[in-house]
Amino acid sequence: MSADDARRRWEALVVQIREAGHAYHDLDAPVLSDAEYDALFRALVELEEAHPELASDDSPTRVRGGAISSMFSEVTHLVPMYSLDNVFDADELAAWHERTEKSLGFVPEYLCELKIDGLAVDLVYVNGSLTTMATRGDGKTGEDVTYNVQFIPGIPATLTPQRGVSVPALVEVRGEIFFPVEAFDRINDEQYDAGLPPFSNPRNAAAGTLRQRIDKREEELAEVRTQSAARTQSKLERLEAEYARSVRRLNGLQLTVHGLGATDGATIDRQSDAYALLKSLGLPTSDYAKVESSSAGVAAFIAHFHEHRHDVIHEIDGIVIKVDRLDLQQQLGETSRAPRWAIAYKYPPEVVRTRLLDIQVNVGRTGRVTPFAVMEPVRVAGSTVAMATLHNASEVERKGVLIGDLVFLRKAGDVIPEVLGPVLEARTGDERPFVMPTHCPDCNTELRPETEGDKDLRCPNARSCPGQLMERLANIGSRKALDIEGLGEKSAIALLETGILTDEGDLFALTEADLLRGSYFTKGEGELSENAKVILAQLEVAKTKPLWRVLVSLSMRHVGPPTAQAITSVFTSLDDLAAASTDELAVVDGIGEKTAISIGEWFAEPWHREIIEKWRAAGVRMADEVIERGPQPLAGLTMVITGSLEGFTRDSAEAAAAERGAKVTGSVSKKTDLVVAGENAGSKRDKAESLGIPVIGLEGFLLLLSDGLEKALTTAE
């Protein structure tokens, strides 16, 4: 692979991984299975090993966790929370054992525990009282969810030590918040009953439940209760029902602790001793953790729970193995994102067999027509599956499946069902091949590839194809877009089939009278259903949401949440974006030529402009508030800050440069104008020098801030 090809491959992998990571960590709505994400991540690791010049401090291989939601206050972890590296088979695990034991010079004892499918949290107790609980966030800083602790029965607000055990002055506890399988199934039943999409797995249900501003719900309830009962009774009933549901779901969450961060007043030599201490303080620990003295013992533990993974109350996707002695953990240390003294062994996705009853096609929001498998319902990886995507006609042919086949099916990463292929020996001769339709199943428009040789077929009737319309409406209501509760697939179908809407342009002008025309939205003559009331209220809320969410809701090709956020950091109004040239768009971080062209083509379509104007007239926010800035003497300068600078944290140094108009990025490239290198600058300084980019130190950085670029360059190395 040439250097240019490697760079393009690296950039493509980074975009895919960041998009998937944002969906998983920040939206609690994964777009890839664990297995697919792991495959992309491993490909990136291997690429960076082969081409180390591509690796940067902001590469996904060196970054922990996700972003911090602006909904919550931030909590800085006393000790960083690391991610775990993964292995997927016995050979990879043996290689990790070999590296660990070679580094130590002997075979240590290993603590084995279940890898819970939940949300990592950090709890801090001071003199026995809980002061904060936070999500992992980006590993350094998490979201403050302390208020919600009072609704989770298994989390003690005060430590209750057993006799003879003293409470440490400080103990920082790491754990996993999760739903037991039974509770998860009940929640999804509620989702179906309410016409809402089900959660894809227990982890996302737990994350979505914990990351609620229930204090805001209480404030809203209190305010409504003070108003005229006659005018607000229906709203009050809705809010009380939503609040009760939130509390009920929080009540169903459980915690298992699995580690320590900072401590004061606790003498602990081993990870297993830490668990014994935490249990003696009244914290919930796992009954399944076990210390093994050899790699053979670790393998036996893994094999046992592979067979019995559904015998525990929560879903698991593997086993975590840790060196037990804490002094050895310190000796082994960490990489930028993961400890060397721990590893996660990921179980392979479960594979079952079921009958392929039919292959049908679905029309997506951008017109792509995708085949999907309709199967006899089968239990796999803890849930019942009846459908699975087949991507395109070429994929159906590649897999060699026929309608009527008995097929192998897996739930990849316990998230996305995937048909692997046929059970050839079970064929009877009655099976028949799938024939891709030549016309759209929803509007009968002739299908065609977007470009010559494209494997995907698309319906070009974007404006009025019912299938595309429904998908676009459902996308607007999704959590990744404007997050409009109640506006899902069923509601979108009802709005279109009843003629209440003919396209998404009139969505934000909907009134109570409009919804009363559809039986789906009523519960009696002249009375709206609770779901309809929620939709109307949520539409008003959606009008105020930030511009990046509006962009995602417009269903532009290649524009997901991370891309939309990058765009709106540069173009703060929809009008500015519409007026931007392809070249101007292409300079935005994460926006390539393909995406820039796609955005330009979207705005060039007259009916797209009509939608924007209708939304604008209905009060949808079309611009982000621009914070007034001072003088921008460094405007147009792209720079990288690396190493430590006396008197500055990394964040404060970057903020100081950004306030003066500079664009501060995380990696050195040909587009970089200047590198500020402090102590222990590392490879970024070397790369800058190899590219001929000026490098300045602390003295130059201070001059840059006070006197500008020209003065600063007089100190360049």
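Scroll up to find the structure this text is about.
Bear in mind the structure is a predicted one, so any value in this text is a computation, not a measurement.

Colleague: Even after reading the chapter, I still don't get the overall build of the chain, so can you show me in this structure?
Modeller: Looking only at helices and strands, the chain has 25 helices and 24 strands in total. Against the compact-globule benchmark of 27 Å for 717 residues, the chain has a radius of gyration of 27 Å, which places it among compact chains. Relative to its 717 residues, the chain shows a buried fraction of 49%. Put simply, 67% of the contacts in the chain that link residues at least 6 apart link residues at least 24 apart. For the chain, the exposed surface amounts to about 33400 Å²; the carbon and sulfur share of it is 49%.

Colleague: Could you clarify how one ought to interpret the side chain of Thr100 in this entry?
Modeller: Its place among the elements puts Thr100 in helix 3 (residues 90–104). If near-sequence neighbours (up to four positions away) are discounted, Thr100 is found in contact with Tyr110, Val323, Leu332 and Arg340.

Colleague: Sorry, what's going on with the nonpolar core here?
Modeller: One broad trend across soluble globular proteins is that nonpolar side chains are buried collectively. If you look at the biggest cluster of nonpolar residues, it comprises 55 residues, and the most contacted ones within it are Leu507, Phe508, Leu510, Leu574, Leu577, Phe603 and Trp615. Those elements giving two or more residues to this core turn out to be helix 12 (466–477), helix 13 (489–497), helix 15 (530–542), helix 16 (547–553), helix 17 (561–568), helix 18 (574–579), helix 20 (593–604) and helix 21 (606–618). Not counting residues up to four positions away in its chain, the partners in contact with Phe508 are Leu482, Ile484, Leu539, Ala542, Lys543, Trp615, Ala618 and Val620. Tyr125, Phe179, Ala205 and Leu210 belong to the second-largest nonpolar core, a separate cluster that totals 38 residues.

Colleague: Looking at this model, I keep getting lost on helix 20. Mind explaining?
Modeller: Owing to its 3.6 residues per turn, the α-helix aligns residues three or four sequence positions apart on the same side. A rise of 1.5 Å per residue sets the reference length of helix 20, with its 12 residues, at 16 Å; its end C-alpha atoms lie 16 Å apart and thus fit the reference within 8%. Along helix 20, the residues that are buried comprise Thr595, Ala596, Ser598, Ile599, Trp602 and Phe603. Viewed end-on, helix 20 has its buried residues packed into an arc of 160°, placing them on one side of the element. Residues of helix 20 that are exposed and angled more than 90 degrees away from the buried face: Glu593, Lys594, Glu601 and Ala604. Check the buried side of helix 20 and you find it contacts helix 17, helix 18, helix 19 (582–586) and helix 21.

Colleague: Looking at this model, I keep getting lost on the environment of Gly505. Mind explaining?
Modeller: Mapped onto the elements, Gly505 comes out in the loop between helix 13 and helix 14 (512–515). With 195 residues separating them along the chain, Gly505 and His310 place their C-alpha atoms 47 Å apart. Apart from residues no more than four positions distant in its own chain, Gly505 is found in contact with Ile611, Lys614 and Trp615.

Colleague: Looking at this structure, how should I read the layout of surface pockets?
Modeller: Gaps between atoms show up when a probe of the same size as a water molecule is rolled over them. Looking at the second largest pocket, its volume works out to about 750 Å³. Around the second largest pocket, the lining is made up of 32 residues, and of these Thr366, Glu450, Ala462, Arg557 and Glu601 lie nearest the centre. For the lining of the second largest pocket, the element with the most residues is helix 20, which contributes 5 residues. A per-class count over the lining of the second largest pocket returns 12 nonpolar, 9 polar and 11 charged.

Colleague: Which parts of the structure should I look at to understand the packing of helix 20 against helix 21?
Modeller: In a packed pair of helices, the relevant descriptors are the angle between the two axes and the axis-to-axis distance. Two numbers describe how helix 20 lies on helix 21: the axes approach to 5 Å, and their chain directions differ by 75°. In terms of orientation, helix 20 and helix 21 fall into the roughly perpendicular class. Counting all contacts with helix 20, which are made through Trp602, Phe603 and Ala604, the residues of helix 21 involved are Pro606, His608, Arg609 and Ile612. Considered class by class, the residues forming the contact of helix 20 with helix 21 number 5 nonpolar, 1 polar and 1 charged.

Colleague: Sorry if this is basic, but what is going on with a nonpolar patch on the surface here?
Modeller: On the surface, Val351, Phe408 and Leu420 cluster together into a nonpolar patch covering about 220 Å² of accessible area. Along the chain, Leu420 turns up in strand 16 (residues 416–422). Taking relative accessible area as the criterion, Leu420 reaches 33% and is therefore assigned partly exposed.

Colleague: Can you help me understand the sheet that holds strand 5 (residues 129–135) in this one?
Modeller: By way of backbone hydrogen bonds, the strands of a sheet pair with one another, either parallel or antiparallel. Strand order across the open sheet formed by 4 strands is 5-4-7-8, with antiparallel pairing between neighbours. Among the strands making up the open sheet, the edge pair consists of strand 5 and strand 8 (254–264). The average angle at which neighbouring strand axes cross in this sheet is 25°, direction not considered. Two elements, strand 7 (residues 170–178) and strand 8, share 8 bridges in a ladder whose sense is antiparallel. Residue Gly175 lies in a different strand from strand 8, and its bridge partner there is Val257. Most of the contacts of helix 5 (residues 202–210) go to strand 4 (residues 119–126), to which it runs at about 45°, and overall it touches strand 4, strand 5 and strand 7. Across the face of the sheet, helix 8 (residues 271–280) comes into contact with strand 7 and strand 8 while running at roughly 110° to strand 8.

Colleague: Is there a simple way to think about the packing of aromatic side chains in this case?
Modeller: Ring pairs (aromatic) are described by centroid distance and by the angle formed between their planes. Per the stated rule, a full pass over the model turns up 9 aromatic pairs. An angle of 75° between the planes, with centres 6.1 Å apart, marks the rings of Tyr345 and Tyr347 as edge-to-face. Under the relative-accessibility criterion, Tyr345 is labelled buried at 12%. Summarising the aromatic geometry, the rings of Trp602 and Phe603 are spaced 5.2 Å apart at their centres and angled 85° between planes, so their arrangement reads as edge-to-face. Residue classification places Trp602 among the buried positions, given a relative accessible area of 8%. With a relative accessible area of 4%, Phe603 lands in the buried category.

Colleague: In this structure, what is going on with unusual backbone geometry? I would like to understand it.
Modeller: If a residue is not glycine, its phi is most likely negative; likewise, a peptide bond is most likely trans. Of note in this structure, Asn444 is not a glycine but carries a positive phi near 70°. With respect to the helices, strands and loops of the structure, Asn444 is situated in the loop between strand 16 and strand 17 (448–449). For Asn444, a relative accessible area of 56% corresponds to the exposed category. With a phi angle near 70°, His558 is a residue other than glycine that sits in the positive phi range. The topology assignment puts His558 in the loop between helix 16 and helix 17.

Colleague: I keep staring at the sheet that holds strand 9 (residues 290–292) and nothing clicks. Help me out?
Modeller: Taken in spatial order, the 5 strands make up an open sheet running 2-11-10-3-9, and their pairing is mixed. Edge positions in the sheet fall to strand 2 (86–87) and strand 9, since each has one partner strand and no second. Examined bridge by bridge, strand 10 (residues 316–323) and strand 11 (residues 342–346) share 5 bridges and lie antiparallel to one another. Note on strand 11: the bridge partner recorded for Ile319 is Tyr345. Across the face of the sheet, helix 3 comes into contact with strand 2, strand 3 (110–116), strand 10 and strand 11 while running at roughly 170° to strand 11.

Colleague: I'm lost on the packing of helix 12 against helix 13 in this one. Help?
Modeller: Where helix 12 contacts helix 13, the axes come no closer than 8 Å and their chain directions differ by 130°. Taken together, the axes of helix 12 and helix 13 are oblique relative to one another. Considering only the axes of helix 12 and helix 13, their crossing is right-handed. Mapping the contact onto sequence places Pro466, Leu469, Met470, Leu473 and Ala474 in helix 12 and Glu489, Ala492, Ile493 and Leu496 in helix 13. Tallied by class, the residues present in the contact of helix 12 with helix 13 amount to 8 nonpolar, no polar and 1 charged.

Colleague: Would you take a moment to explain the pattern of salt bridges for this structure?
Modeller: Oppositely charged side chains can form a pair if their charged atoms are brought close together. Taken as a whole and assessed by the stated rule, the structure comprises 30 salt bridges. Taking the shortest distance from any N to any O, the salt bridge between Arg270 and Glu109 comes out at 2.8 Å. Taken together, the positions of Arg270 in the loop between strand 8 and helix 8 and Glu109 in the loop between helix 3 and strand 3 put the pair 161 residues apart, joining distant regions of the chain. Here Arg621 ties to Asp624 by a salt bridge, and the two come within 3.5 Å at their closest N and O atoms. Using a relative accessible area of 28% as the deciding quantity, one classes Arg621 as partly exposed. Several salt bridges share partner residues, and in doing so they unite Glu395, Arg398, Lys399 and Glu418 into one network.

Conventions we followed
Residues numbered from 1 in each chain as written. Predicted model: local features only at pLDDT ≥ 70, side-chain atom pairs only at ≥ 80, totals over all residues. Heavy atoms only, no water. Helix = DSSP H or I, 4+ residues; strand = E, 2+ residues; numbered from the N terminus. Rg over C-alpha atoms; globule rule 2.2 N^0.38 Å. Buried < 20%, exposed > 50% of the residue type's maximum accessible area, 1.4 Å probe, protein only. Contact = heavy atoms within 4.5 Å. Areas by Shrake-Rupley, 256 points an atom, 1.4 Å probe, with all protein chains shown as cover. Core = buried A, V, L, I, M, F, W, Y, C linked by side-chain atoms within 4.5 Å. Expected span 1.5 Å × (residues − 1). Arc of directions from axis to C-beta. 1 Å grid on protein atoms, 1.4 Å probe; cavity = no way out; pocket = protein on both sides within 12 Å on 5 of 7 lines; lining within 4 Å. Points joined across faces, edges and corners; volume = space filled by probe spheres on them. Nonpolar A, V, L, I, M, F, W, Y, C, P; charged D, E, K, R; others polar. Axes fitted to C-alpha atoms, helices over the stretch in contact; angles between N-to-C directions. Parallel < 35°, antiparallel > 145°, perpendicular 65-115°, else oblique. Patch = residues over 30% accessible without salt bridge, like charges linked within 9 Å, V, L, I, M, F, W, Y side chains within 5 Å. Salt bridge = Lys/Arg side-chain N within 4 Å of Asp/Glu carboxyl O. Pairing = 2+ DSSP bridges. Phe/Tyr/Trp six-rings, centres within 6.5 Å; stacked < 30°, edge-to-face > 60°. Left-handed = near helix turned anticlockwise from the far one by under 90°.

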